[in-house]
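Each chain, written out:
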Amino acid sequence: MPRTSTTINHSHLVIDTGMAKPDATTIVERKGLGHPDTLADHLAERLSRAYSHYTVQRFGAVLHHNFDKLALLGGASEVRYGAGRLTAPVRVLVNGRAAPMCGGEGIPVEEIVEAEVRAFFAERLREVLDQLDIKFNITSNSSPGAVLTGDEVPDRTRWFNPRSIEDLRERRVRLSNDTSLGTGWAPENAFESFVRELVNHFSGESEFTLAHAWCGSDVKLMGYWDGDQADVVLCVPQKSRHVGSRAEYVRNAESVLAECYRFAGLRLPEAAVRFRLNARDVPEKDELYLTYTGSSIESGDEGVVGRGNRVNGLITPLRPMNLEGANGKNPVYHVGKLYNIAAQRLAQRLHEATDGHAEVHLVSTTGQRLDQPWRILIRLSSPDAQADKVQALVAETLEGFPALTDELVSDGIVLS
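Note that the coordinates shown come from a computational prediction; the quantities given were computed from them, not determined experimentally.

So what exactly am I meant to see when it comes to the pattern of salt bridges here?
Using the criterion set out here, one finds 31 salt bridges in the structure. The closest approach of N and O atoms between Arg163 and Asp167, which form a salt bridge, is 2.8 Å. Connected through salt bridges with shared partners, the residues Glu45, Arg49, Lys337 and Asp411 form a single ionic network.

Given below as structure tokens:
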């Protein structure tokens, strides 16, 4: 495998060409919009954006914050055919940090957070709205490294309590907050794209869900594909208020399966696809995926940021991945967010430029410039990719972090 090593803007860049393309074997998972982990991810990101919007409008800069340790603790429920109710609230543990003031002017952090939490559940799971228990664990504690040597206050201690936005170091230079990495690859194969679309079809707003009020959003899919045949295990809940009997539940499940095969015929017309729906159901015992809200968050399940879909919306163990939870991280200098998005976008551009498979790995070192990763590894299946063109695309990516921050803050990027 030909290898080129060079330095670009103080970053060590390695370009491998002629690597073997991934074979057809694919294992892929996707969690739908109502899955507790997806709810936690999307709520954390919503809190980051709301806080960023407020501080940009009020002070002219994104102040320091992170909500990427948010967790949802499931409540309790009772379901009956044609009825149901929550018997214990869903708890929202808002863990994180956020600057509570700037230049002596207070920021209503808890008010911002509570308003966003309630607006989020009003959109996603309205049945939970009156049964939310929001717990705040938001601090403004300094990161490690503020050593006291006299009467002077270390600059680091002002990051979450700035006298003005000029106390924000990133106003002068953006440094990586952590030693971590971002990973991206392209292109998706047909089955991976099918998995994303099918889960979105059942868990989001579609013709099917609009026509079937009983369809819940806590959808989860695990699929295996060998290039010709696919086996899919799919979970699609039903909402108890709209299901009057066991027989009705079974008929609804049959309509889900029929829709799965119809969808597969459109998206994977040459493939043999087998589906297994709600594998834990035991209809004769009335053990069914029947819920009040359409999500298992109502009955003891938990959701935690970073346990769900990766930045590209999929969980793909046979592809390169990392464990960073991007949602809720600060969009200015947190590499766990920025490097993953940048790596995915760069991989897509390299795929388009070389007409082959592309992998990108950006590795940071804490305290070093955000636009100067410690290591950059590019792996391409194309045997004749031109190193200078690859370097040019890498350089464009490294120069683009300020614009990427602006795009995140302005709601231009939806993390899946």
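On we go.
Would you take a moment to explain the packing of helix 1 (residues 36-59) against helix 2 (residues 109-124) for this structure?
Each pair of packed helices can be summarised by the angle the axes make with each other and by the distance between the axes. As a packed pair, helix 1 and helix 2 sit with axes 10 Å apart at the nearest point and diverge in direction by 135 degrees. One element, helix 1, and the other, helix 2, form an angle in the oblique class. Note on packing geometry: the crossing formed by helix 1 with helix 2 is right-handed. On helix 2, the residues touching Leu39, His42, Leu43, Arg46, Leu47, Ala50, Tyr51 and Tyr54 of helix 1 are Val109, Ile112, Val113, Glu116, Val117, Ala119, Phe120, Phe121, Glu123 and Arg124. Split into classes, the residues belonging to the contact of helix 1 with helix 2 amount to 13 nonpolar, one polar and four charged.

What should I look at first to understand the sheet that holds strand 3 (residues 26-31) in this one?
Either a parallel or an antiparallel arrangement is found when strands of a sheet pair, and the pairing is made through backbone hydrogen bonds. Spatial ordering of the open sheet is given by 3-13-14-16, a layout of four strands whose pairing is mixed. Strands with a single pairing partner mark the edges of an open sheet, and in this sheet they are strand 3 and strand 16 (272-277). Each adjacent strand pair in this sheet contributes to an overall mean axis angle of 15 degrees, direction not counted. Two elements, strand 13 (residues 220-225) and strand 14 (residues 229-235), share six bridges in a ladder whose sense is antiparallel. Within strand 14, the residue paired with Trp225 across the bridge is Ala230. Relative to the sheet, helix 3 (residues 190-203) contacts strand 3, strand 13, strand 14 and strand 16, its axis offset from that of strand 3 by approximately 20 degrees.

So what exactly am I meant to see when it comes to the packing of aromatic side chains here?
Aromatic rings in a pair are described by how distant their centres are and how their planes are angled relative to each other. For the structure on display, the rule yields ten aromatic pairs. Both rings, one in Phe120 and one in Phe121, keep their centres 5.4 Å apart while their planes meet at 90 degrees; by these two values the pair is edge-to-face. Phe120 gets classed as buried once you look at its relative accessible area, which sits at 3%. An aromatic cluster is built from Phe191, Phe194, Trp225, Tyr261, Phe263 and Phe275, whose rings are joined through pairwise contacts. Sitting over the face of the ring of Trp185, Arg319 holds its NZ or CZ atom 4.0 Å from the ring centroid.

Even after reading the chapter, I still don't get the pairing of strand 19 (residues 358-363), so can you show me in this structure?
Counted residue by residue, strand 19 has five buried out of six residues, so it is predominantly covered. Taken together, the six bridges between strand 12 (residues 181-186) and strand 19 define a ladder with antiparallel strand orientation. Its bridge partner being in strand 19, Leu181 is matched across the sheet by Val363. Here six bridges tie strand 19 to strand 20 (residues 375-380), and the two strands are oriented antiparallel to one another.

Explanation requested: empty space enclosed by the protein in the structure shown.
Per the stated rule, a full pass over the model turns up one cavity of 30 Å³ or more. Lining of the largest cavity is provided by 22 residues; of these, Arg310, Val311, Asn312, Asn322 and Asn340 occupy positions nearest its centre. Elements represented by at least two residues in the lining of the largest cavity include exactly strand 12 and helix 6 (335-354). Considered class by class, the residues forming the lining of the largest cavity number six nonpolar, 13 polar and three charged.

Please explain the sheet that holds strand 12 as it appears in this structure.
Here we have five strands laid out as an open sheet, ordered 1-2-20-19-12, and mixed in their pairing. Of all strands in the sheet, those with a lone pairing partner are strand 1 (3-8) and strand 12, marking the two edges. Taking the axes of each pair of neighbouring strands and ignoring which way they run, one obtains an average angle of 10 degrees across the sheet. Helix-sheet contacts for helix 6 involve strand 12, strand 19 and strand 20, and the interaxial angle to strand 12 is about 30 degrees.

Any chance you could explain unusual backbone geometry here in plain terms?
The phi torsion of most residues other than glycine is negative, and most of the peptide bonds are trans. A cis geometry characterises the amide bond from Ala186 onward to Pro187, with omega recorded as 5 degrees. Within the secondary structure layout, Pro187 lies in the loop between strand 12 and helix 3. The phi dihedral of Asp355 falls on the positive side, at around 60 degrees, and the residue is not glycine. Within the secondary structure layout, Asp355 lies in the loop between helix 6 and strand 19. For Asp355, a relative accessible area of 65% translates into the label exposed.

Just checking my understanding: could you explain the nonpolar core for this structure?
For soluble globular proteins, the rule of thumb is that nonpolar side chains tend to be buried together. Counting 37 residues, the largest nonpolar core has Leu43, Leu63, Leu72, Val92, Val117 and Phe121 as the members making the most contacts within it. Elements with a minimum of two residues in this core: helix 1, strand 8 (90-98), helix 2 and strand 11 (132-139). Counting residues in each nonpolar core, the second largest holds 32 residues, with Ala230, Val256, Ala264 and Leu277 among its members.

About the criteria used
- Residues numbered from 1 in each chain as written.
- Predicted model: local features only at pLDDT ≥ 70, side-chain atom pairs only at ≥ 80, totals over all residues.
- Heavy atoms only, no water.
- Salt bridge = Lys/Arg side-chain N within 4 Å of Asp/Glu carboxyl O.
- Axes fitted to C-alpha atoms, helices over the stretch in contact; angles between N-to-C directions.
- Helix = DSSP H or I, 4+ residues; strand = E, 2+ residues; numbered from the N terminus.
- Parallel < 35°, antiparallel > 145°, perpendicular 65-115°, else oblique.
- Left-handed = near helix turned anticlockwise from the far one by under 90°.
- Contact = heavy atoms within 4.5 Å.
- Nonpolar A, V, L, I, M, F, W, Y, C, P; charged D, E, K, R; others polar.
- Pairing = 2+ DSSP bridges.
- Phe/Tyr/Trp six-rings, centres within 6.5 Å; stacked < 30°, edge-to-face > 60°.
- Buried < 20%, exposed > 50% of the residue type's maximum accessible area, 1.4 Å probe, protein only.
- Lys NZ or Arg CZ within 6 Å of the ring centre and 35° of its normal.
- 1 Å grid on protein atoms, 1.4 Å probe; cavity = no way out; pocket = protein on both sides within 12 Å on 5 of 7 lines; lining within 4 Å.
- Points joined across faces, edges and corners; volume = space filled by probe spheres on them.
- Core = buried A, V, L, I, M, F, W, Y, C linked by side-chain atoms within 4.5 Å.

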